[in-house]
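One letter stands for each residue in the lines below.
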Amino acid sequence: MKKLLSIFVFALLGTSWVLAQAQNGPVMTFETTTIDYGNINKGADPLRKFKFTNTGNEPLIIKSAKGSCGCTVPTYPKEPIMPGETGYIEVRYDTQRPGAFTKTITITTNEAVETRMLTIKGEVKDTGTQEVVPAGTGGLKQ
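Rules of the game
Residues numbered from 1 in each chain as written. Predicted model: local features only at pLDDT ≥ 70, side-chain atom pairs only at ≥ 80, totals over all residues. Heavy atoms only, no water. Disulfide = S-S within 2.5 Å. Buried < 20%, exposed > 50% of the residue type's maximum accessible area, 1.4 Å probe, protein only. Helix = DSSP H or I, 4+ residues; strand = E, 2+ residues; numbered from the N terminus. Contact = heavy atoms within 4.5 Å. Salt bridge = Lys/Arg side-chain N within 4 Å of Asp/Glu carboxyl O. Pairing = 2+ DSSP bridges. Axes fitted to C-alpha atoms, helices over the stretch in contact; angles between N-to-C directions.

## Things to note about the state of the cysteines
Now for step 1: Summed over the entire model, instances satisfying the criterion amount to 1 disulfide.
Now for step 2: Residue Cys69 pairs covalently with Cys71 via a disulfide, S to S 2.4 Å. Classification of the bridge connecting Cys69 and Cys71 rests on its S-S torsion, roughly -50°, and on that basis the disulfide is left-handed.
Now for step 3: For Cys69, a relative accessible area of 26% corresponds to the partly exposed category.

## A short note on the environment of Pro77
Now for step 1: Relative to the assigned elements, Pro77 resides in the loop between strand S5 (72-75) and strand S6 (86-93).
Now for step 2: With residues near it in sequence (within four places) discarded, Pro77 still touches Phe52, Ile62, Tyr88 and Ile89.

## Overview of the pattern of salt bridges
Now for step 1: All told, the structure shown has 5 salt bridges when counted by the stated rule.
Now for step 2: We note a salt bridge from Arg97 to Asp94, for which the minimum N-O separation is 3.1 Å.
Now for step 3: Since its relative accessible area comes to 43%, Arg97 is described here as partly exposed.
Now for step 4: The closest approach of N and O atoms between Glu111 and Arg116, which form a salt bridge, is 2.9 Å.
Now for step 5: Arg116 gets classed as partly exposed once you look at its relative accessible area, which sits at 26%.

## A word on the sheet that holds strand S1 (residues 28-30)
By definition, the strands of a sheet pair up through backbone hydrogen bonds, in either a parallel or an antiparallel sense.
Now for step 1: Read across the sheet, 4 strands follow the order S1-S3-S6-S5 without closing on themselves; strand pairing throughout is antiparallel. Each of the sheet's edge strands pairs with one partner strand only, and the pair in question is S1 and S5. For this sheet, the mean inter-axis angle between neighbouring strands, taken without regard to orientation, is 30°.

Here it is as structure tokens:
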């Protein structure tokens, strides 16, 4: 029985050590990884913010943030985010482009898993009036 109890205690201590090691380092925890713009008008406010907190025990360094195309422009903090601090990844989508969209932002950090994906989606509605241009002279002589 003592042998079984010793094995159990050893396993429990080993598991605790592994869990403690897994918590070391920076950890970027987002409130959400997807932002839905919903249905917006052409030319609407393009800015959205992804809020995150460093829930780890070391400074978080964001190395880069890249949009999946030129119409999605992210900005990010250049200074380290200390444990317990909050930061924002700001994303601007080109709202001059009518139609549905789903775009991704790839974040590269100094975490154990170095890359993260964020998503923006929505639909830009073209509510403007279009200029009417005659197709031809309509048979009129000029």
